[in-house]
Amino acid sequence: MNNNEIWQSVLAQMQLHISKANFSTWFQNTEITSKDNGKVVISVPNVFCREWLSNKYYKLILKTIYDIDNSAKELEFVINAQPVKSFDPKILENEKNDIDQLKFDEFKINKETNLNPKYTFDNFIVGSFNELAHAAALAVSENPGHVYNPLFIYGGVGLGKTHLMQSIGNRIIESPKKKKVKYIASEKLISNIVSAIRSNTMESLKNSLSNIDVLIVDDMQFISGKVKTQIEFFHIFNSLYEKNKQIILSSDKPPNAIPELEERLKSRFEGGMMTDIDYPDYETKLVILKSKLQEKNLKLPDDVLEYMALNIKKNIRELEGALNNLLIYYKSTNNIPNLEITKKLLKSFIFSPFDVTNYKKIIETVAKFYNLEEKNLLNPTRRKEIVKPRQIAMFLLRKELKYSFPDIARKFGGKDHTTVIYAYKKINQEVEENNKLMNEINLIKQRVYSG
Ligand code: ADP
Ligand code: MG
């Protein structure tokens with residue numbers, strides 16, 4: 001890859017880490033001007049960019065370059081007030097259009113409902129990993145308040161919860177029945193409740209919510225531990241529920257796994273329809289990639305798409321991010337990336353369990369998931385509530401990290417590795433028969449791999 005191509009790949013990376021507006025502020029008119037003896041010189045338009053990039057993004061930029069070219073050792077930012085010539089003006093124009101488009105999209109968020117019109121059932125791809133959630137969502141959109149109430153959708157990040165919930169809302173507001181829909185992120189709702197408590201205006205907050213027909217609250221897990229907010233939300237929930245108003249909730253875990261959630265709220269959440277979204281399978285990932293490409297009017301070679309579907313495992317958001325990476329490359333070089341280039345450009349997306357997961361991560365995640373102390377998980381015990389999480393942790397160490405049984409036994413303070421073999425076999429078999437357990441393990445895995 002030449003300097004320009006390398007820089008394009010850095011730009012694509014950076015887009016994943018900062019907002020589009022920031023991206024255009026700090027990265028427009030930047031380029032690699034030279035790369036000698038391990039020193040990469042990057043030209044930037046002004047002193048602010050230099051400070052900002054070198055303070056905040058030095059490591060990430062260097063790492064991205066290093067992944068492509070192992071000789072890179074350090075960066076130097078130099079100020080070059082001239083517009084960068086190697087940038088095709090057409091590209092800048094395109095980028096600008098993208099940014100305008102983005103502003104336009106943000107602008108289009110419906111002020112009254114908070115719904116983003118880009119999330120619809122029409123562009124939501126269905127596969128075995130999400131078909132139950134999709135079916136439930138469709139049913140709710142056709143008959144809000146009467147089929148599943150509440151609808152509770154859970155699953156790891158980037159798997160389509162927000163997209164699906166907003167699709168319901170967008171479908172409902174299209175219908176002639178003129179239902180009043182409100183989408184709200186739980187953080188926002190929580191902060192509204194907290195300030196209403198503080199300023200003694202709870203009544204008016206409740207009034208403002210009382211005429212809503214469909215309330216959609218995203219990422220409910222954040223209500224964990226917020227005692228007063230939970231009490232108020234319980235009342236809000238009830239008053240809507242009693243009037244047959246539809247409530248739709250999402251969370252990164254099922255209600256019974258949300259720590260410090262009031263029992264009565266938990267049973268409310270579980271009282272309607274609970275449905276999860278899992279990881280997409282290979283075939284569906286291919287379909288998703290193809291449909292996103294179609295939206296953008298672009299074609300990529302089949303082997304590139306297959307490579308992406310096979311190797312990007314984290315979630316659908318990553319899949320989109322990787323695709324954007326390739327699009328940026330295409331726009332800036334006018335070459336359709338082939339498989340070889342793709343492998344380089346997507347290096348940071350391609351996930352290997354051995355890179356991102358390790359022993360510590362698994363133990364930590366399992367303990368957190370079951371609300372246990374790590375040391376309790378590791379010490380031999382017969383306490384029932386610990387035995388199962390212990391077995392699951394052993395199972396995952398074996399399955400995901402290929403630890404040997406004796407190694408696992410040592411980690412868990414035991415001398416006898418037959419206990420570990422027993423645990424592994426037991427969980428392995430139970431997973432096949434017990435949906436609840438399979439769900440739990442999938443959720444733990446999602447969490448282990450998502451950051
Ligand atoms: P979550 O809320 O679970 O974190 P999002 O709904 O934000 O995930 O989805 C992440 C991205 O992936 C979004 O851009 C969304 O449009 C896209 N996406 C998720 N699921 C699908 C799907 N089934 N079909 C098409 N795009 C999807
Ligand atoms: Mg979301």
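So, a few notes on the structure that sits alongside this text. From a predicted model like this one, the values you see are computed outputs, not experimental measurements.

### Considerations on the site of ligand 1
Around ligand 1, 17 residues are found, and the nearest of them are Ile 125, Gly 158, Thr 162, His 163 and Glu 320. In the environment of ligand 1, a nitrogen atom lies 3.4 Å from a nitrogen or oxygen atom belonging to the side chain of Asn 130. Take His 163: an N or O atom from its side chain is 2.7 Å from an oxygen atom of ligand 1. Protein burial of ligand 1: of its 550 Å² of free accessible surface, 93% is covered by the chains. Among the residues making up the shell around ligand 1, the classes are represented as six nonpolar, seven polar and four charged.

### Regarding the sheet that holds strand β8 (residues 273–276)
The five strands lie next to each other as β5-β6-β7-β4-β8, forming an open sheet whose pairing is parallel. The open sheet has two free edges, formed respectively by β5 (181–185) and β8, since each of these has just one partner strand. Across the sheet, the mean angle separating the axes of adjacent strands is 15° when strand polarity is ignored. Looking at chain direction, strand β4 (residues 151–154) and strand β7 (residues 246–251) are connected through four bridges and run parallel. Across the sheet, the residue bridging to Ile 153 is Ser 250, located in β7.

### Focus: unusual backbone geometry
With omega at 0°, the peptide bond leading from Asn 149 into Pro 150 counts as cis. Here Pro 150 lies in the loop between α6 (131–142) and β4. Of note in the backbone geometry, Asn 29 takes a positive phi value of approximately 60° without being a glycine. Here Asn 29 shows up in the loop between α2 (20–27) and β1 (31–36). Phi at Lys 178 takes a positive value of approximately 55°, unusual for a residue other than glycine. Mapped onto the secondary structure, Lys 178 falls in the loop between α7 (161–174) and β5.

### Brief notes about the packing of helix α9 (residues 202–210) against helix α10 (residues 227–242)
For the pair α9 and α10, interaxial distance at closest approach is 10 Å and the crossing angle is 35°. The handedness of the crossing between α9 and α10 is right-handed. Here α9 contributes Met 202, Lys 206, Leu 209 and Ser 210 to the contact with α10, which in turn contributes Glu 232, His 235, Ile 236 and Leu 240. Its residues assigned to classes, the contact of α9 with α10 comprises four nonpolar, two polar and two charged.

### Some points on the packing of aromatic side chains
Inspection of every chain in the model, using the stated rule, returns nine aromatic pairs. Taking 5.9 Å as the distance between ring centres and 20° as the angle between the ring planes, the aromatic pair formed by Phe 237 and Tyr 241 counts as stacked. Taken as a pair, Phe 237 and Tyr 241 lie in helix α10 at a separation of four residues, close to a single helical turn. In textbook terms, an aromatic cluster arises when at least three aromatic residues are bridged by ring pairs, as seen for Phe 152, Phe 233, Phe 237, Tyr 241 and Phe 269. Its guanidinium or amino end placed over the ring of Tyr 359, Lys 411 lies 4.2 Å from that ring's centre, counting from NZ or CZ.

### Side note on the packing of helix α17 (residues 359–369) against helix α22 (residues 435–449)
Following both chains from N to C, one finds α17 and α22 inclined at 130°, their axes separated by 10 Å at the closest point. Judged by the inter-axis angle, α17 sits oblique to α22. As for the relative orientation of α17 and α22, their crossing is right-handed in sense. The segment α17 lies against α22, with Lys 361, Ile 362, Thr 365, Val 366 and Phe 369 engaging Glu 440, Leu 443, Ile 444, Arg 447 and Val 448. The residue makeup of the contact of α17 with α22, split by class, is six nonpolar, one polar and three charged.

### Remarks on the nonpolar core
Among the nonpolar cores identified, the biggest contains 60 residues, and Phe 233, Leu 249, Phe 269 and Leu 397 are the most heavily contacted of them. With eight residues, helix α19 (residues 384–401) is the single largest residue contributor to this core. Residues within four places of Leu 397 in sequence aside, it is in contact with Tyr 359, Ile 362, Ile 363, Lys 402, Tyr 403, Ile 408 and Phe 412. Residues Phe 121, Ala 309, Ile 312 and Leu 327 belong to the second largest nonpolar core, which totals 44 residues.

### Concerning the environment of Pro 301
Tracing the backbone through its elements, the reader meets Pro 301 in the loop between α12 (282–295) and α13 (302–311). Pro 301 sits in the partly exposed class, given a relative accessible area of 29%. Separated by 116 residues in the primary sequence, Pro 301 and His 417 place their C-alpha atoms 48 Å from one another. Each residue touching Pro 301, except ones within four places of it in the same chain, is listed here: Ile 336 and Pro 337.

About the thresholds
- Residues numbered from 1 in each chain as written.
- Chains lettered and ligands numbered in written order.
- Predicted model: local features only at pLDDT ≥ 70, side-chain atom pairs only at ≥ 80, totals over all residues.
- Heavy atoms only, no water.
- Near = heavy atom within 4 Å.
- Polar contact = N/O pair within 3.5 Å; in protein donor to acceptor, adjacent residues only side chain to side chain.
- Areas by Shrake-Rupley, 256 points an atom, 1.4 Å probe, with all protein chains shown as cover.
- Nonpolar A, V, L, I, M, F, W, Y, C, P; charged D, E, K, R; others polar.
- Pairing = 2+ DSSP bridges.
- Helix = DSSP H or I, 4+ residues; strand = E, 2+ residues; numbered from the N terminus.
- Axes fitted to C-alpha atoms, helices over the stretch in contact; angles between N-to-C directions.
- Left-handed = near helix turned anticlockwise from the far one by under 90°.
- Contact = heavy atoms within 4.5 Å.
- Phe/Tyr/Trp six-rings, centres within 6.5 Å; stacked < 30°, edge-to-face > 60°.
- Lys NZ or Arg CZ within 6 Å of the ring centre and 35° of its normal.
- Parallel < 35°, antiparallel > 145°, perpendicular 65-115°, else oblique.
- Core = buried A, V, L, I, M, F, W, Y, C linked by side-chain atoms within 4.5 Å.
- Buried < 20%, exposed > 50% of the residue type's maximum accessible area, 1.4 Å probe, protein only.

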